[in-house]
Amino acid sequence: MGELNLTYLIELGWIILQVFIVIVPLLIGVAYLTLAERRVIGFMQLRKGPNVVGPFGLLQPFADALKLLSKETILPAGADKVTFVIAPMLTFVLALVAWAVIPFGESLVIADINVGILYLFAVSSLGVYGIIMAGWASNSKYAFLGALRSAAQMVSYEVSMGLVIITVLLCVGSLNLSDIIEAQKTVWFAIPLFPMFVIFFISTLAETNRAPFDLPEGESELVAGYFVEYSSMSFALFFLGEYANMILMSAMTTILFLGGWLPPLDIFPLNAIPGPIWFILKICMVLFVFLWMRATTPRYRYDQLMRLGWKVFLPFSLLWVVLTAGFLVSFDMLPATAGLN
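Now for a quick tour of the structure. (Residues numbered from 1 in each chain as written. Predicted model: local features only at pLDDT ≥ 70, side-chain atom pairs only at ≥ 80, totals over all residues. Heavy atoms only, no water.)

Turning our eyes to something else, we now look at the side chain of Thr-208. Following the sequence through the fold, Thr-208 ends up in the loop between α7 (194-207) and α8 (219-222). We classify Thr-208 as buried; its relative accessible area is 6%. A distance of 3.3 Å separates a polar atom in the side chain of Thr-208 from the backbone oxygen of Leu-205. Each residue touching Thr-208, except ones within four places of it in the same chain, is listed here: Glu-242, Asn-245, Met-246, Met-249 and Phe-290. (Helix = DSSP H or I, 4+ residues; strand = E, 2+ residues; numbered from the N terminus. Buried < 20%, exposed > 50% of the residue type's maximum accessible area, 1.4 Å probe, protein only. Polar contact = N/O pair within 3.5 Å; in protein donor to acceptor, adjacent residues only side chain to side chain. Contact = heavy atoms within 4.5 Å.)

It is worth spelling out the environment of Ser-140 at this point. Within the secondary structure layout, Ser-140 lies in the loop between α4 (116-137) and α5 (141-172). Ser-140 sits in the buried class, given a relative accessible area of 12%. For the pair formed by Ser-140 and Gly-78, sequence separation is 62 residues and the distance between their alpha carbons is 8.7 Å. Residues within four places of Ser-140 in sequence aside, it is in contact with Gly-135, Val-228 and Glu-229.

What follows concerns a nonpolar patch on the surface. On the surface, Tyr-8, Leu-9, Leu-12, Ile-16, Phe-20, Val-24 and Ile-28 cluster together into a nonpolar patch covering about 680 Å² of accessible area. In this structure, Ile-16 sits in helix α1 (residues 2-44). Of the residues examined, Ile-16 reaches a relative accessible area of 41% and is grouped as partly exposed. (Patch = residues over 30% accessible without salt bridge, like charges linked within 9 Å, V, L, I, M, F, W, Y side chains within 5 Å. Areas by Shrake-Rupley, 256 points an atom, 1.4 Å probe, with all protein chains shown as cover. Salt bridge = Lys/Arg side-chain N within 4 Å of Asp/Glu carboxyl O.)

Here the focus is the packing of helix α9 (residues 232-257) against helix α11 (residues 275-296). Two numbers describe a pair of packed helices, the interaxial angle and the distance between the axes. Interaxial distance between α9 and α11 falls to 9 Å at its minimum, and their mutual angle equals 120°. Accordingly, the angle class assigned to the pair α9 and α11 is oblique. Between α9 and α11 the crossing geometry is right-handed. Across the interface between the two elements, Tyr-243, Met-246, Ile-247, Met-249, Ser-250, Ala-251, Thr-253, Thr-254 and Ile-255 from α9 touch Phe-279, Lys-282, Ile-283, Val-286, Leu-287, Phe-290, Leu-291 and Arg-294 from α11. Tallied by class, residues from the contact of α9 with α11 come to 12 nonpolar, three polar and two charged. (Axes fitted to C-alpha atoms, helices over the stretch in contact; angles between N-to-C directions. Parallel < 35°, antiparallel > 145°, perpendicular 65-115°, else oblique. Left-handed = near helix turned anticlockwise from the far one by under 90°. Nonpolar A, V, L, I, M, F, W, Y, C, P; charged D, E, K, R; others polar.)

The end-to-end C-alpha distance of α7, which contains 14 residues, comes to 20 Å, matching closely the 20 Å that a straight helix rising 1.5 Å per residue would cover. The element α7 is largely enclosed, with a buried count of 10 among its 14 residues. For α7, the elements touching its buried residues are α4, α5, α9, α11 and α12 (302-330). Where α7 ends, the next residue or the one after it, Asn-209, has phi of about 60°, a positive value. (Expected span 1.5 Å × (residues − 1).)

Considering the arrangement of structural elements, one finds Ser-156 in helix α5. Here Ala-152 takes part through its backbone oxygen, which lies 2.6 Å from a polar atom of the side chain of Ser-156. Within the structure, the side chain of Ser-156 is placed 2.9 Å from the side chain of Trp-310, a separation counted as a polar contact. Not counting residues within four places of it along the chain, the set of residues in contact with Ser-156 comprises Met-306 and Trp-310.

On to unusual backbone geometry. Residue Pro-212 is bonded to the preceding Ala-211 through a cis peptide linkage, with omega at 5°. Even without a glycine there, the phi angle at Ser-107 is positive, about 70°. Structurally, Ser-107 is set in the loop between α3 (81-97) and α4. In this structure Ser-107 comes out as exposed when scored by relative accessible area, which is 68%.

Looking now at the pattern of salt bridges. Applying the stated criterion to the full structure yields eight salt bridges. Among the ionic pairs, Arg-299 bridges to Asp-214, the shortest N-O distance being 3.1 Å. Placement of Arg-299 in the loop between α11 and α12 and of Asp-214 in the loop between α7 and α8 is noted, with a sequence separation of 85 residues between them. The partly exposed category is assigned to Arg-299, whose relative accessible area is 31%. Residue Asp-214 is classed as buried on the basis of its relative accessible area, which comes to 14%.

Geometric descriptors of this kind do not, in isolation, establish any biological role.
Spelled out as structure tokens, the structure:
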């Protein structure tokens, strides 16, 4: 009995250590993504961006964190206080728990489950609840309108994202994320499924409420949208959750279309670089495009956003699923589906 308890404690300790190994660099990455965004947009607009706090502005994220920590947490008088406090926590936690199934390299994953892609899709879908709770609990018309906008937007683009994922799964025959990456050893799916790659990336912009789809936060009409009543660390949790979701969606794009930890070419100088380094480099590349889009594209009108999701992406992605399935069946290329469990 004592040996069983010791074994259980060792396994539990190892899992906790793995979680810290993933979460700590992720939080540091989130902090420096905020700095990278301000610097990249600054250079694109021919200005320098933050460069005073520390060498090259590298301590700016810590100064921002200290400022938010030192501010007072204000609870609106008419708010549902319990829901108001839980909402940012839920948003932040959901942005972290999804990383349990993300493979950073061969066998470098916390939970290598057979339905990893379904787990990711389910967790990302739950993110809308934190936003709805925040908008409703704030007891503010602006916050509630922002929450309704965000709910409609996220649900609309999850449909096309789901069809894109189905297209990839048809080509792989497995729901395991490591299997999806291994299936791209010959060619990354971004090449044969390029239209789906574009639709998926644009849908991730809408899913994370990023420009040009940052309508829930419309400063000009909604005064920052669903978190208008938040301050201090409760606002910081929404902020961290948004940027953690950006990194998560970039990781999903990398896994589904850019070969995960695989190098671009199987030649010596490239395949000598460790897989996790390739994975991180690809995530950074996708994140740069996130920032690039914010710096260069104007915000969509809400009717344009909905029209794009329901009248363009949905029928096109559905058509591509049918074409992909037909092509695989016609040429007898449909993979064995024994792994779909």
